[in-house]
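Observations on the three-dimensional arrangement
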Amino acid sequence: MKEMPLVSICCTSFNHESYIREALEGFLMQKTTFPVEIIIHDDASTDHTAEVIMEYVKAYPDLIVPILQTRNQYSQGVKIWPNFVFPVAKGKYIALCDGDDYWTDQYKLQKQVDFLESNPEYGLVFTQAKEIEGNSSNTKITGGKVDSFYDLLFANPIPTLTTCFTNSLLQDYLMKIQPENKQWLMGDLPIWLWFVFNSKIGFINETTAHYRVLSESVSHSKSYEKASVFAYSAFDIRKFYLIKFNREQYIQAVKGANFQRLFQMSLQYREFSDSFRLFFKSPVSNLKTFIKYCLGYYTRR
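Report follows, based on the coordinates.

Moving on, we come to the packing of aromatic side chains. Applying the stated criterion across every chain, the model contains 17 aromatic pairs. Look at Phe165 and Trp192: their rings are 5.9 Å apart centre to centre, the planes differ by 70 degrees, and that puts the pair in the edge-to-face class. Residue Phe165 is found in strand β8 (residues 164–166), and its partner Trp192 is found in helix α6 (residues 188–198); the two are separated by 27 residues along the sequence. Linked through ring pairs, Phe149, Tyr150, Phe154, Trp184, Trp194, Phe197, Phe240, Tyr241, Phe245 and Tyr250 together constitute an aromatic cluster.

Here it is, written out as structure tokens:
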């Protein structure tokens, strides 16, 4: 009889033929004292991602659980994690990693599970990641400690591919927040906010994974319209949680920071008409700030 996994590794992929092997090898190299399962969802890739996945499934049939779509679900507005991946996860803990990212530390899961088992007041633990631009050699370290919900109001310092968290608290999120059917573009930030309001969040100051920044994705786009819609969605998520947990006093500050972010983006994308609209609509705008951002932007170019 197959042993019940303690950790469910959940991976989503779409057209990741060039990267999916690295992701799967990062899962398979984990050295643990407990059983794991690998759940991998492919959203009807048009390249050979599904074929590569099935190659690994044949080699590790008792370890890898494939979910292969024949019709792209994301384009239909269907959310992948709550509808396909999380419902089949059997582990006490969940670890996430997309198909274009990969783990580099073979003891990543062991360290995180040891931490969570020893500290039951913590619902989530994460590490740092090395951020790389596509296949280039440009890298930087991302990820930092989260002491309270305030640390998630103006940034998201939690690299998704480094997380490990309790399935029980995730199920609470799926029952209490997911039914509201918010059309948020981010799947991770709402979960992190739920955890930070309902548990402690741990941080291991080590780099355990590589996060690949692609030229075009949900969170990174060459289109100003797509990038700005993503930024508005992030603000809507934070506003929702501040209202839900009676922290309305922070909404104005978050709104101001979001407008400044959009203003900087409009300059970056050369959407100058939107620059003026956003600047004068911003709740914290003033002439000095406007000049500072303009001069700073053109000095950097």
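Having seen it, we continue.
For the structure on display, the rule yields seven salt bridges. Note that Lys111 is salt-bridged to Glu206, the shortest N-O span being 2.6 Å. Here Lys111, found in helix α4 (residues 108–118), pairs with Glu206, found in strand β9 (residues 200–213); they are 95 residues apart in sequence, far enough to count as distant. Residue classification places Lys111 among the partly exposed residues on the basis of a relative accessible area of 29%. Note on Glu206: relative accessible area 33%, which makes it partly exposed. Measuring nitrogen to oxygen at the nearest pair gives 3.7 Å for the salt bridge that ties Lys145 to Asp147. Asp147 shares its class with Lys145; the two are exposed. Overlapping salt bridges, with partners in common, bring together Asp105, Lys111 and Glu206 in one network.

Here the focus is the pairing of strand β6 (residues 122–133). The buried fraction of β6 amounts to nine of the 12 residues, a majority that puts the element mostly inside the structure. Of the pairings in the sheet, the one linking β6 to β9 comprises 11 bridges and is parallel in character. Paired with Glu131 across the bridge in β9 is Tyr211. For β6 and β8, the ladder comprises two bridges, and the chain directions are antiparallel. Bridging across to β8, Val125 finds its partner in Cys164.

Before going further, it helps to examine unusual backbone geometry. Residues other than glycine seldom take positive phi values, yet Asn15 does so here, at roughly 55 degrees. As for its position among the elements, Asn15 is in the loop between β1 (7–13) and α1 (20–28). One non-glycine residue, Asn246, lies in positive phi territory at about 55 degrees.

Taken together, the side chains of Tyr74, Leu185 and Val229 present a nonpolar region at the surface, about 260 Å² in accessible area. Since its relative accessible area comes to 42%, Val229 is described here as partly exposed.

Within the secondary structure, Asp114 is located in helix α4. Looking at Asp114, its side chain comes within polar contact range of the side chain of Gln110, at 2.9 Å.

Within the secondary structure, Phe245 is located in the loop between α7 (224–244) and α8 (251–268). In the structure, Phe245 is positioned 48 residues away from Phe197 in sequence and 7.9 Å away in space, judged by C-alpha atoms. Those residues within four positions of Phe245 in sequence are excluded, and the remaining contacts are Trp194, Phe197 and Asn198.

What counts as what
Residues numbered from 1 in each chain as written. Predicted model: local features only at pLDDT ≥ 70, side-chain atom pairs only at ≥ 80, totals over all residues. Heavy atoms only, no water. Phe/Tyr/Trp six-rings, centres within 6.5 Å; stacked < 30°, edge-to-face > 60°. Helix = DSSP H or I, 4+ residues; strand = E, 2+ residues; numbered from the N terminus. Salt bridge = Lys/Arg side-chain N within 4 Å of Asp/Glu carboxyl O. Buried < 20%, exposed > 50% of the residue type's maximum accessible area, 1.4 Å probe, protein only. Pairing = 2+ DSSP bridges. Patch = residues over 30% accessible without salt bridge, like charges linked within 9 Å, V, L, I, M, F, W, Y side chains within 5 Å. Areas by Shrake-Rupley, 256 points an atom, 1.4 Å probe, with all protein chains shown as cover. Polar contact = N/O pair within 3.5 Å; in protein donor to acceptor, adjacent residues only side chain to side chain. Contact = heavy atoms within 4.5 Å.

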